[in-house]
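# A look at the structure
Residue strings, one per chain:
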Amino acid sequence: MTFFSSLPLAHALASRQDLPIPAWLFAWAASIVLIVSFFALAIAWRTPRFDRDHWRALKGRGWGLLRSVGAQALFGAIGVALLGAGIYAGLRGTEAPDRNLALTLFFVTVWLGFPALSVVLGDVFRPFNPWRAVGRAFGAFFRAVAGQEPAHLRYPEWLGRWPAAVGLVAFVWLEIVYGTSGGVAVGLDPHTAAVAACIYSGYTLAMMAVFGVEKWCARGETFSVYFGMFAELGIFEVRKGKLGRRRPFAAATTWAHTPGSLALVVASIGTTSFDGAAEGVLKEPIESVFGWMRDGGIDPTASLRLTNTLFMLLCIGAIAAIYLLGVRGMRSVGKAPSFSVLRMGFAHTLIPIAFAYLFAHYFSLFVFLEQAQVGYLLSDPLGTGTTDLFGTASWGVDYTVLTANAIWYVQVGALVVGHVTGLMLAHDRAIVFWGDYRLATRSQYWMLAVMVAFTCFGLYLLSVSNQ
Amino acid sequence: MKPSIEVKVLLALGALALVAFIAIAVNGTGGGGDDSSVSEAKPPAGTAKEETVHRQPEEEKPAPEKKEPAIPTIVVRGGEPVGGVAELSFDAGEVVRFKVTSDVADELHLHGYDISKPVVAGGSVTFEFPAEIEGIFELELEERAVPLAELQVNP
């Protein structure tokens, strides 16, 4: 008897699932990862390269225009309109997940699209963030009426990015765990997604009122903080109101000094792993625990949710444990800084790994569903079958645009590139911490082991998924 | 400039990994080739592809459906597939052929290929089409939303 049809939400949206990576490709890729790692360490640089990010303001009128009040209001309005459209479609539209704008817009276009843009360009979500736009408009209104700055509570700095890390887990939980019915995973329905978006909007606006718009965006607002994590690797950044260019990757080096950052990146890798593993490696353990709970008299729906929650948290815990083991190992190298300095100092090296995991797991889903997004979902967002706003309502999804081989090579390529980038960032940090090149290299055997573990685990997940 | 001992060790390890990698790669392709020549003689059409030699584990189950007369049949009883969700496996370029017999009236929907066929209670329906899209696709009883089979099309 099968309890799980497939990755619930992805499955409800896309009609084509990826084939598992064949064993020979797995062996090739894992070997390349090992070889590249050792040679990279052997030829790596001896003075830090990412210590300063060389930020320079961009000159030219066009860039200033992007930062003008009018442009910012426009971007904000676009964000608010899209959020509104998603919620409206979710509440009023069809319950067929693939025909309703809400799920594809929230969970594919935004959730997967912004990390991909951010990792190259920097924080592109910020201008479009609908809650920030509403909060800022409200702030401006307050200043105009009251003639003074709104008073805020001081944000407790020890809390750091923890609210966002918890928000990230909650979001993914909603996406892949919550949607069950009578003990069968059915995926999230558009109505629930819209209600959740309303609740989250209320919570976010309240928190912005309490702690201030920019403060909450920097620390607690899940989407800003999560997309912002990937944006640390990108090349554009606004400083003191000016748009500028910086060296790629360099801004990330101090990112994890804020508490909760490690939790955020670990949660990202852990939840993606769970999504991949639930259909492969973890399928049988999940079924047995589920069966055991259900036979123990717990309601089937609750049993399934509880089981999946448990395994998702286990995945996050396992990722954290591997990383902390590596940090522990580095600590044993002579002249090492303290455990907590190392733990925070190397957390950003996991950002490329987190992105590689996302990319490898959801690349094909994104390519297929964006066709729906700009096609029939754009023209018929409610899925009524009678609306055709832009004449694209009859467009379908062409599942032949990607061959199985193309998907495999993109997946493997993403993991290898993420791996090398992570190693590079870690090596650079080690030189800063140890000063001495030889000790730094010795400490990096540990990080190398951690990265190889993550990358090979990622490959492994792809090679057994869906079987 | 004299390379440090670390660099030498690393290069040695790298070389070692390289050797291991070549060994695995050669072994992998060689082994796969042997298996495929034993496990199946391909149906006539000149669609044989090099890539398929590597996938030996999957070949075990669908073996019967390679024989011409036996079309894989999915039996639906009481709105559920007998024996659980069936797994059908084909290579790209082949002709996919399978039959569904059902004791309930519903619509059979094959996702991805987006083929829908109505079935009457006690009736049977045959699917026959070229395997053009690679991937894994679900066949379901559309109105009951019950999955019947997973169609796997390998490159």
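Quantities reported herein were computed from a predicted structural model and do not represent experimental measurements.

What counts, and where the lines are drawn
Within any chain, residue numbers begin from 1 and follow the written order of that chain's sequence. Both sets of labels track the order of writing: A upward for chains, 1 upward for ligands. Local features in a predicted model are, by the rule used here, given only for residues with pLDDT of at least 70; side-chain atom pairs are given and counted only at 80 or more, and totals for whole chains, interfaces and linings are based on all residues. Note on conventions: DSSP H or I runs of at least 4 residues are helices, E runs of at least 2 residues are strands, and numbering of each starts at the N terminus. Two strands are said to pair when DSSP picks up at least two bridges between them. Definition of nonpolar core: a set of buried Ala, Val, Leu, Ile, Met, Phe, Trp, Tyr and Cys residues joined via C-beta atoms within 7 Å. Exposure classes come from backbone-placed C-beta atoms, where a residue is buried if 20 or more other C-beta atoms lie within 10 Å of its own, exposed if 12 or fewer do, and partly exposed in between. A residue's pLDDT is the confidence the predictor assigns to it, expressed on a 0 to 100 scale. Each residue is represented by a C-beta atom placed from its backbone, and any two residues with such atoms within 7 Å are regarded as in contact.

### Quick notes on the environment of Asp91 of chain B
Here Asp91 of chain B lies in strand E3 (residues 86–91). In this structure the C-alpha to C-alpha distance between Asp91 of chain B and Val9 of chain B, which are 82 residues apart in sequence, comes to 46 Å.

### A closer look at the pairing of strand E5 (residues 242–245) of chain A
All names here are of chain A. Of the strand pairs in this sheet, strand E1 (residues 56–57) and E5 are connected by two bridges, and their pairing is antiparallel. Note that in E5 the partner of Ala57 across the bridge is Gly244. Pairing of strand E4 (residues 236–239) with E5 involves four bridges; the strand directions are antiparallel. Bridged to Glu237 within E5 is Gly244. The antiparallel pairing of E4 with E5 creates a hairpin that spans two residues between the two strands, and Lys240 there sits at a positive phi of about 50 degrees.

### Structural notes on the sheet that holds E5 of chain A
Within the open sheet, the three strands sit side by side as E1-E5-E4 (chain A). Their pairing is antiparallel. Two strands in the sheet have a free side with no partner beyond their single neighbour: E1 and E4 of chain A.

### A look at the nonpolar core
Residue and element names in this part refer to chain A. Counting residues in each nonpolar core, the largest one holds 151 residues, and the members touching the most others are Leu264, Val265, Val266, Ile351 and Ala354. Among the elements that line this core, the one with the most residues is helix H16 (residues 351–374), at 15 residues. In this structure, Trp131, Met207, Met208 and Trp216 belong to the second largest nonpolar core, which totals seven residues.

### Side note on the confidence of the model for chain A
Residue and element names in this part refer to chain A. The predicted model of chain A averages 90 in pLDDT, with 97% of residues at 70 or higher. Mean pLDDT across the elements of chain A bottoms out in helix H1 (residues 8–13) (71) and peaks in helix H11 (residues 222–231) (97). Low pLDDT (under 50) marks residues 1–6, which in the prediction has 17 contacts with non-local residues, meaning those over four places away or in another chain.

### Examining the sheet that holds strand E1 (residues 73–77) of chain B
All names here are of chain B. One open sheet accounts for four strands, arranged E2-E1-E4-E7; its pairing is mixed. Lying at the two open borders of the sheet, with one neighbouring strand each, are strand E2 (80–81) and strand E7 (124–130). Across four bridges, the pairing between E1 and strand E4 (residues 95–102) is parallel. Counterpart to Val75 in the pairing with E4 is Thr101.

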